[in-house]
Structures are given as C-alpha cells and as structure tokens.
Amino acid sequence: MALYVQKFGGTSVGSVDRIKAVAEKVKGFRDQGHQVVVVVSAMSGETNRLTEMAHALNEDPAPREMDMLLSTGEQVTISLLAMALQQIGVSATSHTGAQVGIHTDSAYTKARIQRIETDDLKSDLDAGKVVVVAGFQGVDEDGNITTLGRGGSDTTGVALAAALGADECQIYTDVDGVYTTDPRVCSKAQRLESITVEEMLELASLGSKVLQIRAVEFAGKYNVPLRVLSSFEDGPGTLIVADSDQDEDSMEEPLISGIAFTKNEAKLTLLNTPDVPGVASRILGPIADANIEVDMIVQNVAPAGDYTDFTFTVAKGDYKATKKLLEETVIPDLGGGELRGDDNIAKVSLVGVGMRSHAGVASKMFRVLADENVNIRMVSTSEIKISVVIDEKHMELAVNALHKAFGLDKSDIESE
C-alpha cells in the first residue's frame, strides 16, 4: 500500500462530467489499497470570474477580501468531488486549507506555507477515507484565510506530500508529461520519462508552463517524488527526480533535456553611459525600487574606455514603465545617454545537466543559429543553461533547428 497525493487543476475539474472522471480515477487507486489525498483547484474560469466581479465593485479591493473571495472557488470543487466519490462507493471527506491545518504567513494573495498539521488528515486516511483538500489556500496565525497566488494548488499538493511523507505527488493536468519543448511550436517534441529538479526549475523559470516554480522548489527541498500526468489519458507521465541517475560514461553527446522559450521579454540599451564605478547601481537601483525585475544584463566598454553601453531585459509588461523611468530619472541622473528599446524579442534556452560534463554546447548552439541566419543579441549562461535573445520572428525557426541539432527529435528520448 502506498500513499499518493494527487493534484487536479482547473481544467481537470472544469465540469460535472470531468469531476466524475476524476472520482473514477481516484477510485482506481483506492481499489488497489492505496491511501489517497486529492488536492483540487477551482473549476476552470472560476477564479477569473470572481476576480472580475470584485473589480466591478471596487477598483482596488482589499487583499484580505480578495483572499476570502477567491478561496471559495476551491471550496466548491472539494465538496463536489467528495459527493462524486461518495456516489460511487468511496468514503471521502472534504477539507478547506484552514480545516486541514495549512498555516501560512499573512501576505495576502501571495502567502507562504509555514507549517502543516497532519494529525486529523492522517486519522481520516487511517479510517479508509479519501481526503479531498482545497488547494491554493491556508490560514494565518490570526485565523484569516490566505491564498498562495496563482498556481498555488501545485504548491499545496507538494507541501502535503512532504508533510505526510507520501510515496509520490502526482500532478494531473491537460498534458501527459514534460516535453523536450512545446509541441505546439515543434511537432517533433518528445515526452521525457524523467527530468531532474534542477532542470525542471530552469525550464519553469524560462517559460515552460507545465509546473509552478514554487512547487518544484518545494519538491526539491523536501525530496518529494513528483510526477506530471494527464487527466484525460493513461500513461506514465514524467517523473521529476532529485538527481540524475544516468551513468556519465553513456553520455556520448552533450545531453540537453529541453528547450524553453518566451516572447514575454523586452530589451533596453543605454548607450554612452559613463564607465565609472557604481553606474550599474545608478541604472538598476531605481528600476528595483519600482519593483521591476531585470533578467539578462550585458555591459560593454566603448573603445575610448570612458563610456559604456548597458543592456538589460525586463518582462514585456514592464517595458513602457521601465523606458519612462530611464528617460525621466536615470538618464538625467547620469548626465545624458541615448536610450534604445526593443519589445519584439524572444529568449530561447537550452537546459540540461549534461552541460556540466561536456564542452562545446554553446559553440554548437551558436553554429546552428548562424546556419539559420539567426542573429544573437544577448547571451546568458549557467551550469546547466544557455539562453540567447533573438528577434521574435526567428523564435520558432531557432527552436526547431536546435531541437533537431541536439538530437531531441528522437522518439526514445530520456533525460539523464
């Protein structure tokens, strides 16, 4: 007998028929003698509907009241799923985040889990019940309902699995696993049998939408086996593991696990800024004070040595605000400089722990892009990642060319 924590997202529970299908899937595990905790999101579209109603009444609703409102979406789902399970002969009970003992800090709309009380939950499991838990929510020390932010149900699932010492946390979604890249962009993308936590974190941060970063971080921190599965078809999915277990001797080629990409970036360049200590802080300080996150940074020294060009990227949604801040605050402070911007860029990234033991990945990437006449505008690297900024119009061409060049088109792909 094993203990599984299974999380079903909004699409998986988006209608009565789909809730019935989830109940049957859960029953299958229970019939095999396993203990099951089910974490569910609100039905698809429900959170948006509630948010729209709130803003129709108040342009700037209080975060506490928003948490009170949005937490009701999951409450609907847990009760309906418990009813569906009971209807097919499965003993089940539903719990809100507060009832199950998920304690958080008081950062409304983006709370962090601090501890989970599992005594009542374990009692229900020992009594043979399936426990259905509302994802995305908890309670602070003053008894106020809090929410964990968008995608917080994934985090709830992994946190419960960690607290209970579950054999596996299974994330059911509308895809059947983690792919080498987005199949909508590359038709030859392959499902990975497994991938490391490190690689999944990089892919998630670089544009992959399969899992929330916080959930993957939690899984890595507490060594929770995490599997991504489809709600709508059977299959092994993708297992996310702590470490690679492939023998290094078998890695004859630089091993890339996946290619991530995003169009949600914009590039800004300050030309002819003084090449003196502290200039980077004078540029980025006001941007940080405005709560704008900077991604890639490149600084070049001009031939004369007195001036430098400073380039960085931000989220596309922050482009206009950043540009205005530079024009009105930073450039006057620096005593001049020319500003150039481009919000028609894309970032394409290779990810793989195999980079640690193989040289030449970057040079091969650059050669492949050059052969396709794709110009590289910026480069960023880490131990297991290489990212390039290119023109947005070349993104799909670049992804497909790199996917083929690094052998990811093969149908027997497995991560290291």
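Conventions we followed
- Residues numbered from 1 in each chain as written.
- Predicted model: local features only at pLDDT ≥ 70, side-chain atom pairs only at ≥ 80, totals over all residues.
- Heavy atoms only, no water.
- Buried < 20%, exposed > 50% of the residue type's maximum accessible area, 1.4 Å probe, protein only.
- Helix = DSSP H or I, 4+ residues; strand = E, 2+ residues; numbered from the N terminus.
- Pairing = 2+ DSSP bridges.
- Right-handed = clockwise from strand over helix to strand, strands pointing away.
- Phe/Tyr/Trp six-rings, centres within 6.5 Å; stacked < 30°, edge-to-face > 60°.
- Lys NZ or Arg CZ within 6 Å of the ring centre and 35° of its normal.
- Axes fitted to C-alpha atoms, helices over the stretch in contact; angles between N-to-C directions.
- Contact = heavy atoms within 4.5 Å.
- Arc of directions from axis to C-beta.
- Domains from an automatic or database assignment.
- Buried area = accessible area lost by both parts, 1.4 Å probe.
- Salt bridge = Lys/Arg side-chain N within 4 Å of Asp/Glu carboxyl O.
- Nonpolar A, V, L, I, M, F, W, Y, C, P; charged D, E, K, R; others polar.

Undergrad: When you look at the pairing of strand E1 (residues 3–8) in this model, what are you seeing that I'm missing?
TA: For a regular strand, side-chain orientation follows a simple rule: the groups alternate between the two sheet faces. Among the 6 residues in E1, 6 count as buried, and that is most of the element. Bridge count between E1 and strand E2 (residues 35–40): 6 bridges; the pairing is parallel. Across the sheet, the residue bridging to Phe-8 is Val-40, located in E2. Handedness of the crossover is the feature at issue here: the chain leaves E1, passes through helix H1 (residues 16–31), returns alongside E2, and the resulting connection is right-handed. As defined by bridge partners, E1 adjoins strand E9 (residues 168–173) across 5 bridges and the pair is classed as parallel. Along E9, the bridge assignment pairs Lys-7 with Ile-171.

Undergrad: Would you mind showing me how to read helix H7 (residues 197–205) here?
TA: At 3.6 residues per turn, the α-helix brings residues three or four places apart onto the same side. Residues Val-197, Glu-199, Met-200, Glu-202, Leu-203 and Ala-204 constitute the buried set of H7. A positive phi of about 130° marks Gly-207, the residue just after H7.

Undergrad: What's the story with the packing of aromatic side chains in this structure? I'm lost.
TA: To describe a pair of aromatic rings, you give the distance between the ring centres and the angle between the ring planes. Throughout the structure, instances matching the rule amount to 4 aromatic pairs. A ring pair is formed by Tyr-4 and Phe-29, whose centres lie 5.3 Å apart and whose planes are at 70°; its orientation type is edge-to-face. With a gap of 25 residues between them, Tyr-4 in strand E1 and Phe-29 in helix H1 connect regions that are remote in the sequence. Of the two residues, Tyr-4 and Phe-29, neither departs from the other in class, the shared state being buried. Measuring from ring centre to ring centre gives 6.1 Å for Phe-310 and Phe-312, while their planes differ by 55°; the resulting arrangement is tilted. Grouping residues by exposure puts Phe-310 and Phe-312 together as buried. In this arrangement the basic side chain of Lys-364 is found over the ring face of Phe-406, its NZ or CZ atom lying 4.8 Å from the centre.

Undergrad: Looking at this structure, I do not really get the sheet that holds strand E6 (residues 130–134). What am I missing?
TA: Strand order across the open sheet formed by 8 strands is E3-E6-E2-E1-E9-E11-E12-E10, with mixed pairing between neighbours. Here the strands that pair on one side only, and so sit at the sheet edges, are strand E3 (92–95) and strand E10 (194–196). Strand after strand, the sheet turns through a mean of 20° between neighbouring axes, direction not considered. Two elements, E10 and strand E12 (residues 238–241), share 3 bridges in a ladder whose sense is parallel. Along E12, the bridge assignment pairs Thr-196 with Val-241. Sheet contacts for helix H5 (residues 119–126): E1, E2, E3 and E6; angle to E2, the most-contacted strand, approximately 125°.

Undergrad: Any chance you could explain helix H9 (residues 279–289) here in plain terms?
TA: Buried within H9 are the following residues: Val-279, Ile-283, Leu-284 and Ile-287. Along H9, the residues classed as buried sweep out an arc of 100° about the axis, all on the same side. Exposed residues pointing more than 90 degrees away from the buried face of H9 are listed as Ser-281 and Asp-289. Check the buried side of H9 and you find it contacts strand E14 (265–274), strand E15 (294–301), strand E16 (307–315) and helix H10 (319–334). Looking one or two residues past H9, Asn-291 carries a phi angle of roughly 60°, positive in sign.

Undergrad: I tried to follow the domain arrangement of the protein on my own but got confused; where do I start?
TA: It is common to give the size of an interface as the accessible area lost on bringing the parts into contact. As far as domains go, the protein holds domain 1 (1–239) and domain 2 (246–406). A straight line from the C-alpha centre of domain 1 to that of domain 2 covers 34 Å. Contacts between domain 1 and domain 2 engage 18 residues on the former and 20 residues on the latter. Here domain 1 packs against domain 2, burying approximately 1500 Å² in sum over the two surfaces, 61% of which is carbon and sulfur. Put simply, domain 1 and domain 2 have 1 salt bridge between them. Taking the shortest distance from any N to any O, the salt bridge between Glu-198 and Arg-356 comes out at 2.5 Å. Every element with two or more residues in the side of domain 1 that touches domain 2 is listed here: E10 and H7. Ranked by residues supplied to the side of domain 1 that touches domain 2, first place goes to H7 with 4 residues. Here the side of domain 1 that touches domain 2 is built from residues that sort into 7 nonpolar, 6 polar and 5 charged.

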